[in-house]
Number of protein chains: 2
Amino acid sequence: MSSRASWLVSLLLLVVWTAIGADTSPPKALTMAGVLAASQPADWRPLDPENTLYLELASGRVVIELAPNFAPQHVANVKALAREHYYDGLAIVRSQDNYVVQLADPNAEKPELARKIQKGKRTLPPEFERALDPKLPFTRLPDGDVYAPEVGFSAAFPVARDPKTGKMWLTHCYGMVGAGRDAPADSGGGTELYVVIGQAPRHLDRNVTLLGRVIQGMELLSALPRGTGAMGFYERTEQRVPLKAVRVAADVPAAERSSLEVMRTDTTTFQDLVESRRNRREDWFHFQAGHIELCNVPMPVRPVTPQPPH
Amino acid sequence: MSSRASWLVSLLLLVVWTAIGADTSPPKALTMAGVLAASQPADWRPLDPENTLYLELASGRVVIELAPNFAPQHVANVKALAREHYYDGLAIVRSQDNYVVQLADPNAEKPELARKIQKGKRTLPPEFERALDPKLPFTRLPDGDVYAPEVGFSAAFPVARDPKTGKMWLTHCYGMVGAGRDAPADSGGGTELYVVIGQAPRHLDRNVTLLGRVIQGMELLSALPRGTGAMGFYERTEQRVPLKAVRVAADVPAAERSSLEVMRTDTTTFQDLVESRRNRREDWFHFQAGHIELCNVPMPVRPVTPQPPH
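Everything quoted here is computed from the prediction, not taken from an experiment.

Q: Before we go on, may I ask you to explain the relation of the copies chain A and chain B in this structure?
A: The operation linking the two copies of the chain is a rotation about an axis combined with a translation along the axis. Mapping chain A onto chain B calls for a screw motion: a turn of 180° about the axis and a shift of 0.0 Å along it, with 0.0 Å RMSD after fitting. In symmetry terms, the pair is related by a two-fold rotation axis. A shared binding surface is used by both copies, with 100% of the interface residues of chain A retained as interface residues in chain B.

Q: Help me out: how do you make sense of the packing of aromatic side chains in this one?
A: Throughout the structure, instances matching the rule amount to six aromatic pairs over all chains. Aromatic pair Trp284 of chain A and Phe285 of chain A: ring centres 5.0 Å apart, planes at 80°, arrangement edge-to-face. Phe285 of chain A gets classed as buried once you look at its relative accessible area, which sits at 12%. The interplanar angle of 80° and the centroid separation of 5.4 Å between the aromatic rings of Tyr86 of chain B and Tyr87 of chain B together place this pair among those described as edge-to-face. In this structure Tyr86 of chain B comes out as buried when scored by relative accessible area, which is 2%. Between the NZ or CZ atom of Arg61 of chain A and the centre of the ring of Tyr54 of chain A, over which it lies, the distance is 3.9 Å.

Q: How do you make sense of the pattern of salt bridges when you look at a structure like this?
A: Any two side chains of opposite charge can pair, on the condition that their charged atoms come close. Residue and element names in this part refer to chain A. Scanning the entire structure with this criterion turns up 39 salt bridges over all chains. With its nearest N and O atoms 3.9 Å apart, the salt bridge here joins Asp133 to Arg130. You can call Arg130 partly exposed: its relative accessible area is 23%. The shortest N-O distance in the salt bridge between Asp133 and Lys135 comes to 3.6 Å. Relative accessible area serves as the criterion here: at 19%, Asp133 is assigned to the buried category. Because the salt bridges share partners, they merge into one network encompassing Glu50, Lys79, Arg83 and Asp251.

Q: Got a minute to help me understand helix α5 (residues 268-278) of chain A in this structure?
A: For an α-helix the count is 3.6 residues per turn, leaving residues at separations of three or four pointing the same way. A large share of α5 of chain A lies buried, amounting to nine of its 11 residues. The set of residues buried in α5 of chain A consists of Thr269, Phe270, Asp272, Leu273, Val274, Glu275, Ser276, Arg277 and Arg278 of chain A.

Q: How should I be thinking about the sheet that holds strand β17 (residues 301-303) of chain A in this particular structure?
A: Neighbouring strands of a sheet are bound in pairs by backbone hydrogen bonds; such pairs are parallel or else antiparallel. Residues and elements named next belong to chain A. Taken in spatial order, the three strands make up an open sheet running β1-β16-β17, and their pairing is antiparallel. At either end of the open sheet lies a strand with only one pairing partner, and these are β1 (44-46) and β17. Between one strand and the next, the sheet's axes are offset by a mean angle of 35°, whatever the strand orientation. As judged from the three bridges shared by strand β16 (residues 260-263) and β17, these two strands associate in the antiparallel manner. Of the residues in β17, the one forming a bridge with Val262 is Val301.

The rules behind each value
- Residues numbered from 1 in each chain as written.
- Chains lettered and ligands numbered in written order.
- Predicted model: local features only at pLDDT ≥ 70, side-chain atom pairs only at ≥ 80, totals over all residues.
- Heavy atoms only, no water.
- Least-squares fit on C-alpha atoms with pLDDT ≥ 70 in both.
- Contact = heavy atoms within 4.5 Å.
- Phe/Tyr/Trp six-rings, centres within 6.5 Å; stacked < 30°, edge-to-face > 60°.
- Buried < 20%, exposed > 50% of the residue type's maximum accessible area, 1.4 Å probe, protein only.
- Lys NZ or Arg CZ within 6 Å of the ring centre and 35° of its normal.
- Salt bridge = Lys/Arg side-chain N within 4 Å of Asp/Glu carboxyl O.
- Helix = DSSP H or I, 4+ residues; strand = E, 2+ residues; numbered from the N terminus.
- Pairing = 2+ DSSP bridges.
- Axes fitted to C-alpha atoms, helices over the stretch in contact; angles between N-to-C directions.

Structure (structure tokens):
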């Protein structure tokens, strides 16, 4: 064989090897701690301040990443409402065990007392699902789903897709944020927001507009005392949890922002993470499930790491 | 046709009709409220005081139904420990968001201070799964499961089965109660108990012995402040939640018992209930999921209805 032919064969072998490696090499047998420790700066992305919402409670800050790819009108409206300080002084009025907490205007039903809206909108057409766009990032999970043909992640968001209907939608996992509504589909808009605090109520998928995900501070919501009224509404005014303020992070001075980065989900590192949770390698585990459900995949978050100077 | 033949044909038709009715009639299109309203006394069963455990907290009582069919040794041991008042004065020492709360002896690691055991056992062989006994009640759900070949209910307990391995096991749904353990499989026994308070951690199935289910009082556990230590352990003594007492209901005077009945799961009423949750008929819903996941099936509980005198 000529040296040129030999070189070509080597190159072809390399290409084939790389292709096989990319397609069929088993994921590394790592724990989640191992995956996190081995992750590189490129495996993380900072939150975009323009699409991050802060709920400021007396107990601390809840950080929500907004999902303009899935609910563009609702996200724009929630930001508009936050920017006109619509939410400031409203309250968490509902905490239903194993279901949701909900913030709202306690006087919403009293026209003379209800908070006025300046530039935002009270209601919007529903954004329960959207056209399946193959250009939107989607890392599919391997183990199927009881509710949808395909599930996976688009950035930090749990997503379901149905190729037959050509639709995709955000799913009701723990920490997902939605726009409460009354019976008509177009009666929501973001003036009332709920957060899932229990077993994923997937029957709500495609029934309500989801618009974001709590990235930090879930325990400030999930551990609130449960309301004793119907559907977990607080029965007494003093039980409500006041919202000091709701702000778009971009409007908060940089020094006061929660500087967080979230694991990217379009990487082999994320696939390693999923595998580390499908088959737990920690010594404590005697049986490996070999499967994982959409809402059981953790979403790693960490403070932004200061970069060394170049 | 003789009258006798005619009678036989009628009888056969009746049998065939009944069989068809039982096998193929679509479930009634009812809401859960409708199913509950239409339920008959025979659709309910009272809790067995001998297999019911009360956790008495300052905030109230947590009622647990024990599962001797699945963890006979652990159930017997927890009852023995309760009967020697082993748990009284111990505490909830851990509350990890979206995961579990756990009760334990805060001094378990200090031999001179640790609570002594009289008749119970500190550790037991694991009861992570048991032989699949087709004689045990099992109402299978129709929509599959990400983690197991078959799932459904045996009495109030969510159960998975694998005909290939010939095993069945309790699953980690919200409110399920298990025996905490260290790394060795046989290091648990019931001196430490945990309760699931978040998205079902199904990767724990077959890794820990589950022994019961909270039937009432979940909100006394799920809304506890989260611990700030590793794995949600409380870092300060005063954060722990003392156990006033843990009692087998049979040992409590009848007048002081929580007199509850639970919906039977081996009935057509329960199948109607499941259907009412697979396809929500309430006006609020615009989309019907057509599926339900094991841990999303509610388990109706109500006070025992006084029976009219015969």
